[in-house]
Amino acid sequence: MLPDFIEVYDEALDAQTCAALIRRFDACGKAVRGQTGSGVDVTLKDSWDICISDHAEWNDAVARFNAAVMNGFKHYLRKYAHAALAPLQLKIPDPATGQHKVVDAQTVAELDDRMLTAIIMKVFRPGTINIQKYLADQGGYPYWHCELYPKLSDTTDTLHRVVLWTIYLNDTFDEGETEFFYQQRKIVPRTGSLLIAPTAFTHTHRGNMPKGGNKYIATSWILFNRAEVLFGQPAPPK
């Protein structure tokens, strides 16, 4: 069967941590109406969000999420190495000769965690993290959308996004799946599981309404580093 590039990694976070994050979200008092790329429109997305990357008191949670996603992304790259290799020609030192050699998919699959982490840190960067609450029998993200698009005054680098990720913080509801249009696949939320998928139109998706209980997720993206970081060159003048 051909791959659909949608991967789910169970127990990326433990249930106790997820429950603590939900309690913290509800007690925080900083949730605002969730936005799409064009702003707040509850007919497209009906949620309450906290962009925890914008609040220093959430720095520990940001670090916890990024560590969990890094572990999952290493598995993802070992399977889909061309997420990094197709856009860029990467080279690493050959321990046998000392010369630099071009990295291929087989090399990525066999790299130790230290070297693979170094490649990820060179090529990619984490996005801002949202924790989102979808109210039972009301909330959802019914609009079919993707995560890669141009945006005016873009400070979040929407065109740099490579993969999306979601960590499901609870599963005490019915339905509420992440549904992918072209793959005809529904990802059923499981507490602590991590979803990774590409950001482009090929993976157009929506978040279905939770039934009988509120749904909590954390979500973000992994982005390419800017060209001046990748290639050591200054950014061109605007």
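In this text, all values refer to a predicted model and were calculated from it rather than measured experimentally.

### Considering a nonpolar patch on the surface
Together, Phe181, Tyr182 and Phe201 make up a nonpolar patch on the protein surface, roughly 360 Å² of accessible area in all. In this structure, Phe181 sits in the loop between β11 (178-180) and β12 (185-187).

### Focus on the pattern of salt bridges
Inspection of the entire model under this criterion finds 16 salt bridges. A salt bridge links Arg24 to Asp60; its shortest N-O distance comes to 2.8 Å. One end of the pair, Arg24, is in helix α1 (residues 15-28); the other, Asp60, is in helix α2 (residues 59-79), and 36 residues separate them in sequence. The class of Arg24 is partly exposed, set by a relative accessible area of 28%.

### Some remarks on the sheet that holds strand β14 (residues 205-207)
Strand order in this open sheet of four strands is β8-β14-β11-β12, and the pairing throughout is antiparallel. Both edges of this open sheet fall to β8 (141-145) and β12, since each of them pairs with a single strand only. Strand-to-strand twist across the sheet, computed as the mean angle between neighbouring axes with direction ignored, equals 15°. As judged from the two bridges shared by β8 and β14, these two strands associate in the antiparallel manner. Note on β14: the bridge partner recorded for Tyr141 is Gly207.

### Overview of the nonpolar core
Judged by nonpolar contacts, the single largest core of 48 residues is most densely connected at Ile52, Phe65, Phe73, Phe124, Trp165, Ile167 and Leu169. If you list the elements that add at least two residues to this core, you get α1, α2, α3 (82-85), α5 (113-123), β9 (161-168), β13 (194-198) and β16 (215-224). If one sorts the elements of this core by residue count, α2 sits on top with nine residues. Aside from chain neighbours lying at most four places away, what touches Trp165 is Phe65, Val69, Ile129, Leu194, Leu195, Ile196, Ala218, Thr219, Ser220, Trp221 and Ile222. Counting residues in hydrophobic clusters, the runner-up holds twelve residues, among them Ile6, Leu164, Phe180 and Ile187.

### As for the packing of aromatic side chains
In total, this model carries nine aromatic pairs according to the counting rule given. Between Phe5 and Tyr80 the ring centres are 4.8 Å apart and the planes differ by 50°, which places this aromatic pair in the tilted class. Of the two residues, Phe5 sits in the segment before β1 (7-9) while Tyr80 sits in the loop between α2 and α3, which places them 75 residues apart along the sequence. Take Phe5: its relative accessible area is 35%, and that puts it in the partly exposed class. Across from the ring centre of Tyr134, 5.5 Å away, lies the NZ or CZ of Lys215, which sits over that ring.

The rules behind these values
Residues numbered from 1 in each chain as written. Predicted model: local features only at pLDDT ≥ 70, side-chain atom pairs only at ≥ 80, totals over all residues. Heavy atoms only, no water. Patch = residues over 30% accessible without salt bridge, like charges linked within 9 Å, V, L, I, M, F, W, Y side chains within 5 Å. Areas by Shrake-Rupley, 256 points an atom, 1.4 Å probe, with all protein chains shown as cover. Salt bridge = Lys/Arg side-chain N within 4 Å of Asp/Glu carboxyl O. Helix = DSSP H or I, 4+ residues; strand = E, 2+ residues; numbered from the N terminus. Buried < 20%, exposed > 50% of the residue type's maximum accessible area, 1.4 Å probe, protein only. Pairing = 2+ DSSP bridges. Axes fitted to C-alpha atoms, helices over the stretch in contact; angles between N-to-C directions. Core = buried A, V, L, I, M, F, W, Y, C linked by side-chain atoms within 4.5 Å. Contact = heavy atoms within 4.5 Å. Phe/Tyr/Trp six-rings, centres within 6.5 Å; stacked < 30°, edge-to-face > 60°. Lys NZ or Arg CZ within 6 Å of the ring centre and 35° of its normal.

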